[in-house]
Amino acid sequence: QNGSTSVVVTFAFRPPTGLTIEDYEQVNIVDNENVIVAADIAQWEVSGPELLPPDNLVRAYNFSVTMDFAKFPGTMVYNAQLVPRDGVESETFTSPDVDVLVGGFVIYNKATNTILSGEDNLYSVPFQSVTGAVVPFDVFVQYLDGRTSNTSAQVNQAPLLDDMTISLPVNQINLDNAESCQPDNGNWTGTTVALPTGCGLGFASETVAGVPYPGLKFGLRLKQNRAGRLVIDYNWPQFTDGFPEFEEGFATVFNVEVTGTAPIVITAITPAGPFSQDGGELINVDYFNGADSTNRRFIVVLPNGARNPFPEVRRTFDEVTGTYRSVFTVQAGSGSDLDWYLNYNNVDGVASNATEIPYTFSYIGPPSLSRLNPNIGTGGEIIVAIGSFFGLAPSNGRDGLYFNGIRLPDSFLNSFSGTSIFFNLPQRQTWINLGSGTNDYWFNVVVQVDDRDSPETVYFYYNILPVLEVIITGGSPPVGGVIEVSVDSTEPIGAFSSLSGNVLGPNNVGPTYLWTLRRSDNTIVPWPASVNATAPSIEFDVSVLDSFDVFTIDLVVTPYAPITGVVRSSTPIRKTTDAVISIQIYNAGDRSRGIPNSGMFFYADVTFSSGTPDSLVLYTWTYRGVEYTASSESVVVDQTALNTTGVLKYGREFYVPQEEIVRGTATASLTVSSQALGISATSSSSLLVFDATLVPIINQGGSDEIVSSNEGLNMFSENSYDPDILVVPDEGPRNANLETVWLNCTRSAVASFAPQFTFSCDNMLIGRRNLANFTVEEPELLEYMIDGVLTWFRFTMRVTDGNRISPATTSVVVVERETRPAVKIDDISMLYSQANDVGAAVDMSAVIYEAGIQINIVPSAAGSTWTYEVDAPFSERNLIDEGFQSGAGNYNPNAGPNQNSPLVLRSGQLLPSTTYRIRVLGVGPPDDASVVPSETVVEFRTIAQVQFVFGPVRTTGTTGQTVFSTAGSQTNANPSTTKFYYKIYDVTNPTSVFCVGACTGDLISTFTIFASGTYRLKVVIRDSLGISTLLDVEYGSDIVVSESTARRAALAALPAADSRQLPDELTTTMIRCFLAGDDKCVTSVIFSATANFEQGTPSQDERRFVQTAAVYLEALSQNDIPNSDAGDTLMLTAAELACTGPLYIDDLATVQQLLSVSNAISTRTPIQFQVDTFDQLIPFFNCTPTVANSLSSGGSSRRRLLQDATVNNALLDVYELQSVQIPVAAVSGTACGFEGSFSTANTALSLPSGDLAPSVVVVSTQCNTAQVAPLTGGFSTFEVCEGIFDNSQKRFSLFNVETPDYVFLAGARPQVGSVGLSNIGALSPNTLRTEAGCYTVSTDLRADDQQSRGFIYTNVKEVGVDFTSTNFEPSYSGITSTVSNSVLSSTLDDAGLFGGEFQGLFTPAPTDSQGDRDSGLSAGAIAGIVIGALVGILLLLLLLFLLITRCCVAAEPLPIPAGFDYVERDIYGRGFVVGDGDDEEDDDDEYYEDGDDVEKGSGESSGEYETESASNEA
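Residues numbered from 1 in each chain as written. Predicted model: local features only at pLDDT ≥ 70, side-chain atom pairs only at ≥ 80, totals over all residues. Heavy atoms only, no water.

1. Let's talk about the overall build of the chain
When helices and strands are tallied, the chain shows 16 helices and 95 strands. Sorting the 1514 residues of the chain into buried and exposed places 53% on the buried side. Restricting the contact set of the chain to residue pairs at least 6 apart, pairs at least 24 apart contribute 69%. For the chain, the accessible area works out to roughly 62400 Å², and carbon and sulfur atoms hold 50% of it. (Helix = DSSP H or I, 4+ residues; strand = E, 2+ residues; numbered from the N terminus. Buried < 20%, exposed > 50% of the residue type's maximum accessible area, 1.4 Å probe, protein only. Contact = heavy atoms within 4.5 Å. Areas by Shrake-Rupley, 256 points an atom, 1.4 Å probe, with all protein chains shown as cover.)

Structure follows, in structure tokens:
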């Protein structure tokens, strides 16, 4: 065993009488000294003499001979011999023959007869002598049955050499020996041992043809330039089969020593390049023999001979392969096929160069695409892309051709080289299936190589003519195929062209148009000079039709070069003496059920040839065989719920909720009838509802994941989904009925998946191809791993529901051998507030470039930290530094390493049509060596830049008469997922922006302006949910609107003193529009009118206008489902009305209607949509408190209206609404870590003063414990405990809304002791959990009362539900309070409307039949009153002076209506009844307290809180 064994032979010797054994020399005789040398046999061990049995009369000696065999195995005969010493008379005695067989084998050098194997032997060779060739050694085997290896026939009998196990326990880096290599895999060639490729050792028991058998040989193929010890273990258990006395088998060892200090030898360099001329990329150099090297530099020789050294940024060691990896940063340079070398200092400090491998280093800029040949086709043709594509590697799943940002599937790729790419042109429908817009007919094509895009602008055109549609406005729906226009028409006839495809064309070169008008005999009617016949749209007067015959409007459109052919449209038209109704129904175009993520709307633009009627118009919609009839007067609150099919607005919009959309053609028809005019008209609109493309997602999607081999490989497709299964309402799992198909698996030793390092792993998918998730445990996984620490696995998968098959998707998982990586990707989310909250998936292949993005990391090991780097594109390497969202709990690149926060990129930081790869570099906790650094990658691509060109727009007109039309004549936006909001603003007031045309988002819009002025028109293009603005562009010319003839006459008729007043004509117009169901006219009238309101006492016409407008706005908002921009416009009009102030609004109903508008917008905007009303809510809630308060008080003297209901519910509603609506709008779409502070007065935050001080709103969006921060306003601070996150990532939108004590001001409760009230809480989706003492509120007190305590009003008021004083009951449960320096600090178990009170302030007291009640003050409070009274006497004169001064400068109060009594307070809070002068009882000395209680007679102070209030007021 291991080159040695031993045996002991014992003999008995009886010497002749008189002699002893000492009289003899001991001699060893062997016949084969290759087995053992006689001289090497140890001295005998002798014992005796002893009596020999059986008679014990003869004496004899015993001696033992120990033979240690450390040479060759074999057979020999041994004899022990005793030779008499000189002078001794005796014969020589020789033992019987002892036959010895030493079994086993040795590796030896026959030429020198030197044994090399065995534990004590060593084969030594200098590294310079190792050439990589096989070195042959001689082998001799002695079998236990007597056979030897001298003949091949004997060797090929059992036990066989292939039964042997050869292992390399030490330093196997010196040779390669694949697991498939067998021990007996060599052949003797006559000079050496031929070994299979990949095998570094093996016996040769066979010979090649014609070569005689020379004996058994062993071949060893050592690697060049490797130094160190190599140990080869041989274990041959079958060698002793049949010989039970040898149970352990046979084993030996071969020690090999490669001596010397070898140079660094490079084994691999990645990536292949070429590299950017700007530098900054990383190059990896793998090498061995680098243990003692220092000062390593990768040096490139530039074309001018200069040395360009790349600095080393990090170095790692792989113990398994013995290789090092140095990572160098490529420096800027230029040139191709450049010389390079790796320079280092060796162990002696001497500069040396590494042994190189074939590698070409080149600099190159981005790939270049010069042209496509041909650049036009219909699908199926072979196209050649010509340019410079060196380094193109489509196998990495990223490189390739991109059409409008969508990668050409590999299945269409034929071949490629550094200068050309041959591919089969997909059908246009293929691109649509992959996510392209249905309107895409031409495509911007780029080549991506190593995450860099070609910069050239190259287009490919599908030679398919788009569909042309002409929309005629101002005429009837077709009657017998002919559009009729009335001779009495008050509006021009409009003809709008619409192409179904993207007709913008390269460089904004769009189609050409030619309109002609011809008679029935085909003669051409010349257009008047005002008509531009080559524009996308035209307008003309009915007088152009010079007879009652049928005319035809022809349009010929040439789309754009190089598309051949034209598209045509012909529209018959004639004039009639009858009145006609024009109906144009707009829809958003073909769609699927789930995309866009909203309901389906049909909006009707209706005009009447004789002008807007002054009588009711009826709208009857028919959808799927069901009729829905409505008019403006039939509109009721919540007539159409968000999930019910029905009529919206005043009747002109029809709505199908998303959950009721069904596949197929959706047709909505509308009949508009006017009984007064005796006419009706019917029109219809259709769109196609198709099945959405299934979305396949592997694991988390859009990211490279890194896992540890000892954790196994877990692959799942559960995040794949069917967009047509809705999130809101929850229709169950979005992956229901989806079947997974794993298409293929590849594995690579390098991240680039270079072909020479890439192999199939499809066998891993056997039995798993249709599993939604599967796990490959470590033993199996290790079989697929490639030598080295890391193996890259790429999986390709698609899903199907049996009818639809999704596009294929790929994902890369990096497996690290037997280590635990630091981090993994948990979630990637767009900063879409509502969209994320409802669980909408993020399509990583179509990220909106204007959106923000957030990457959440979950550490594989607690305590890990990480950093983020931009991997691609290279031009965006500073994206994180310049675009990160600062704030607590967010990653900050300036804060250094060791961070564990999500990365948040602000909106507007991304480029369109760009693939981004963000690398996450994780580091394990410092105290856990089992966690290794790891890298994982997030990849996403942004959508193409939206383009838009205005069609012609009128630039002059008159108030209330001119109909302005606008449309996008050229755009690449998809109307089903993109919305076009046309907006105007007066140049003198650019902050008041009004959305025209009912703000439907349709491509075509018409509108009328009712106030003179100079306006600007713009289009805001947004995604379908209003989350991101894709484009905001203004029309090139101003629109000038002058007063109409009717308006000038109305103004001229007014007295000069009343010239500022609004004539009643606008109110009449608004009423007519309402009766006609024209919602866009109603809102436009309100917008125009309020802009002209002036300060001072309004006219009755103006008051009437405001009251009527509030009624109509409420009806509209309560029966609307507004999008983001429509909600903003409704809120704008409500704010404009509210801010006319108490002089215009003097009735409770108007206030309630305006509040109802605000509430409806908030509650009826679908949850998927962005809430975008913040800019309008601030002025709205700045104005409404004053208006609501004025209904129960007049002027600064605060007279209170004594009615049956003493609580001002309108004031309560104002503050209850603002406490929810402003926070909702303020946090909508904000990122984690957002903090904001606002005031309803639009001023800097300050302590409120006065009764109706502005409210202060403080909001924050908190997603982790690091973002927990106090919400500090003007007088209070609200903070939550970290426990609300449950040690996980959640999203909470917290708010602290500070208000005046509106409960007191509304007459519901006595005044609180704190400066005001604080409404604290959280918005959905997450609600704050109820944990004892989790919430803390600190609030300023009006006085330092140590007995103060906090409370919460438990009964929250609903808008429109009247409260009395009994409804507002304070709760002290779960609240602990302390007071210090006039600050009340309280811990609470629940959130709500919080306030601080002086002890005993709210103590109830009995009430008698007259309604009188005691103030209920405690003894302490009474004592305080006495002391306060003494101080009050000293201040009385000053207080009186201040009060008188205040009264003198107060505005004149509104006249007191007859029949009402008011309360006038004095400085002590006492009240005196002030009548209207007609009531004799007013002469009595009466006073009233605040609230419901009435006392008479004494004139004493009514309590401490009244004194405080009066002093504060004064």
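Picking up where we left off.
2. A word on the state of the cysteines
Within the structure shown, the criterion is met by six disulfides. Bridging C1281 to C1334, the disulfide has an S-S length of 2.0 Å. In this structure, the disulfide formed by C1281 and C1334 twists by about -85° around the S-S bond and is classed as left-handed. Separated by 53 residues along the polypeptide, C1281 in the loop between β83 (1276-1280) and β84 (1292-1299) and C1334 in the loop between β85 (1317-1323) and β86 (1335-1340) bring together distant segments of the chain. Each member of the pair, C1281 as well as C1334, is classed as buried. (Disulfide = S-S within 2.5 Å.)

3. Digging into empty space enclosed by the protein
Scanning the entire structure with this criterion turns up 10 cavities of 30 Å³ or more. Volume-wise, the largest cavity comes out at about 310 Å³. Along the walls of the largest cavity sit 28 residues, with F601, E653, K979, T1000 and N1123 positioned nearest its centre. Looking at the lining of the largest cavity, the elements with two or more residues in it are β46 (581-587), β48 (600-608) and β73 (978-986). By residue number, the principal contributor to the lining of the largest cavity is β48, which donates three residues. Among the residues making up the lining of the largest cavity, the classes are represented as 14 nonpolar, eight polar and six charged. If you add up the space inside the second largest cavity, you get close to 110 Å³. Lining the second largest cavity we find 13 residues, and of these A998, T1083, L1116, T1129 and L1130 sit closest to its centre. Broken down by secondary-structure element, the contributors of at least two residues to the lining of the second largest cavity are β74 (994-995), α8 (1079-1090) and α10 (1124-1138). Of the residues that constitute the lining of the second largest cavity, the class distribution is seven nonpolar, two polar and four charged. (1 Å grid on protein atoms, 1.4 Å probe; cavity = no way out; pocket = protein on both sides within 12 Å on 5 of 7 lines; lining within 4 Å. Points joined across faces, edges and corners; volume = space filled by probe spheres on them. Nonpolar A, V, L, I, M, F, W, Y, C, P; charged D, E, K, R; others polar.)

4. Some details on the pattern of salt bridges
Across all of its chains, the model carries 30 salt bridges by this definition. Across the salt bridge formed by E939 and R917, the nearest N and O atoms sit 2.7 Å from each other. A residue pair is termed long-range when its members are at least 10 positions apart, and E939 in strand β69 (residues 934-941) and R917 in strand β67 (residues 915-923) qualify at 22 residues. Residue class for E939 comes out partly exposed when judged on its relative accessible area of 24%. When its relative accessible area of 4% is taken as the criterion, R917 is described as buried. (Salt bridge = Lys/Arg side-chain N within 4 Å of Asp/Glu carboxyl O.)

5. What about the nonpolar core?
M1070, V1082, I1086, F1105, F1180, V1303 and Y1353 are the most contacted members of the largest nonpolar core, which has 71 residues in total. Top element by residues in this core is helix α13 (residues 1209-1227). It accounts for 10 residues. Leave out the neighbours within four places in its chain, and V1303 touches L1212, A1308, R1309, L1317, Y1353, F1368 and L1393. Among the nonpolar cores identified, the runner-up in size contains 46 residues, and I848, Y868, Y891 and V946 belong to it. (Core = buried A, V, L, I, M, F, W, Y, C linked by side-chain atoms within 4.5 Å.)

6. Some words on the pairing of β85
Judged by how many residues are buried, β85 sits mostly within the fold: six of seven residues are covered. Pairing of β84 with β85, which is carried by seven bridges, proceeds in the antiparallel orientation. Bridge assignment links V1297 to a residue of β85, and that residue is N1319. (Pairing = 2+ DSSP bridges.)

7. Let's talk about the sheet that holds strand β30 (residues 382-388)
On the basis of which strands lie adjacent, the open sheet formed by four strands has the order β28-β30-β34-β33 and antiparallel pairing. With partners counted over all chains shown, the strands left at the sheet margins are β28 (368-373) and β33 (413-416), one partner each. Within the sheet, the average angular offset between the axes of one strand and its neighbour, ignoring direction, is 20°. One ladder, built from three bridges, connects β33 with strand β34 (residues 420-424); its direction is antiparallel. Paired with S415 across the strands is F422, a residue of β34. (Axes fitted to C-alpha atoms, helices over the stretch in contact; angles between N-to-C directions.)

8. So, the side chain of S454
For S454, the location among the structural elements is in the loop between β36 (452-453) and β37 (458-462). By relative accessible area, which is 4% here, S454 ends up buried. Apart from the residues within four sequence positions on either side, S454 is in contact with P367, S368, L369, V446 and V447.

9. Focus on the sheet that holds strand β8 (residues 104-109)
Judged by pairing direction, the sheet is antiparallel, and its five strands sit side by side in the order β9-β8-β11-β17-β15 without closing on themselves. Of all the strands in the sheet, just β9 (114-115) and β15 (201-204) have a single pairing partner and so form its edges. As paired elements, β15 and strand β17 (residues 217-221) share four bridges and run antiparallel to each other. The partner of L201 across the bridge, within β17, is L220.

Function cannot be read off these values alone, since they describe shape.
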